[in-house]
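Coordinate analysis (summary)
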Amino acid sequence: MTTQELPMLAELKQHARASWAAGDFPAVARMQLWDVGERLVRRVGIGRGEEVLDVACGTGNAALRAAEAGGKVVGVDLTPELFPAGRALAAEAGVEVEWVEGDAEELPWADESFDVVLSTFGVMFAPRHAVAARELVRVLRPGGRFGCTSWTPEGLQGTFFRMLGSYAPPAPPFVQPPLLWGDESHVRELFADAGVILEFARETVPLAPFDSPEEAVDWTATHFGPLMMLRGLLDQRGEWDALRSKLVSIYVSGAPAEYLVVQGTKNES
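Small disclaimer: the values here were computed from a predicted structure and weren't measured.

Conventions and cut-offs
- Residues numbered from 1 in each chain as written.
- Predicted model: local features only at pLDDT ≥ 70, side-chain atom pairs only at ≥ 80, totals over all residues.
- Heavy atoms only, no water.
- Buried < 20%, exposed > 50% of the residue type's maximum accessible area, 1.4 Å probe, protein only.
- Helix = DSSP H or I, 4+ residues; strand = E, 2+ residues; numbered from the N terminus.
- Phe/Tyr/Trp six-rings, centres within 6.5 Å; stacked < 30°, edge-to-face > 60°.
- Salt bridge = Lys/Arg side-chain N within 4 Å of Asp/Glu carboxyl O.

Re unusual backbone geometry
A positive phi angle, near 60°, is found at Glu112, a position not held by glycine. You can call Glu112 partly exposed: its relative accessible area is 41%. A positive phi angle is found at Phe121, which is not glycine, with a value near 50°. You can see Phe121 is positioned in the loop between β4 (114-120) and α5 (129-138). When its relative accessible area of 8% is taken as the criterion, Phe121 is described as buried.

Structural notes on the packing of aromatic side chains
How two aromatic rings sit relative to each other is given by the distance of their centres and the angle of their planes. Tallying each qualifying case throughout the model produces 15 aromatic pairs. On the basis of an interplanar angle of 50° and a centroid distance of 6.3 Å, the ring pair of Phe160 and Phe224 is categorised as tilted. Note that Phe160 is positioned in helix α6 (residues 156-167) and Phe224 in the loop between α8 (213-221) and α9 (225-237), a separation of 64 residues in sequence. Exposure remark for Phe224: the relative accessible area of 6% places this residue in the buried category. An aromatic cluster is present here, built from Trp20, Phe25, Phe125, Phe160, Phe161 and Phe224 joined pairwise through their rings.

Some thoughts on the pattern of salt bridges
Proximity of charged atoms lets side chains of opposite charge pair with each other. A full pass over the atoms with the stated rule returns 19 salt bridges. The partner of Asp115 in a salt bridge is Arg141, and the shortest N-O contact between them spans 3.2 Å. Here Asp115 is found in strand β4, whereas its partner Arg141 is found in strand β5 (residues 140-151), with 26 residues between them in sequence. Among the salt bridges present, the one from Asp218 reaches Arg244, with a minimum N-O distance of 2.8 Å. One end of the pair, Asp218, is in helix α8; the other, Arg244, is in helix α10 (residues 240-253), and 26 residues separate them in sequence. Under the relative-accessibility criterion, Asp218 is labelled partly exposed at 32%.

Structure (C-alpha cells):
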C-alpha cells in the first residue's frame, strides 16, 4: 500500500464504522442473521476452555454461542457502538465475552493466541482480503480451526449488496468487493500459501417474516445502517425511489439468502 493510499484507507474505515453504527444493527442481526452463529459454532466445534476469537463480531452472533459451548471468548469489532447490545445479550444468556475494539486487518494479539477464530458476515467487509485472511491464520495456534460465513454473489443478499454498490460512490482501487468472500475459488487463492486445509459448504437462511417485499425494503432502509447512509445520499440526488424499486424486485424474486461457509484447520507445523 502506498503512502498516498493510507489516508484513503483510514477514511474508508471511519466511514465503515459510522455506517455499521447507524440504524439498529442489533435488530437487523436478530431478524435476519441470528441462526447463523449457532450453526457455525456447531460446525467448527468448541471445546470447553478453548480460546476463541470472533472477528468483526458485531453484537456477538458467534461469540455468544461459542461462550455457551464453553469457550473463553473474545469479540473484536471496528464498531464498538455495537458492544452495549452485545453485553446485554451476553448477560441475558448468562455467559461472559470480552469485547475489544479492533481491526480485522490488524488484530491486536500476538501470533498463535487462539484455538478457534470465527466470523459471521464480518471479515468479508474488510477492504483488503489477503491482509484479513493472513490475520485470521496468524492468530491461530497450530492445529487451530477457523470458520467464516459470507454471502454468495448468487444469493438474495449477494444481489442486495451488489445493487447497493452500483449506487454507492466508487471505492478506492485497493478495496476488494465483499462478495468475493462468497466465491470458493477466491477464498482458495486467499489461503493458498497459508498452511491451512479448507472445507466449504453452502447454506441458506429464511427470509425475514415481512408481509410484503415493500415492507421488507422499507424496514431495512430504516434499520440497516449502510443502507440508511446510502439513502441519505440518494435522496439528495433524487435516486432513492429508483433503488427502492430495484430492491423490491430482488425480494419479489424469492431467491434464497445463500451464504458460503469456509472452514480451515491450520497445519501443526
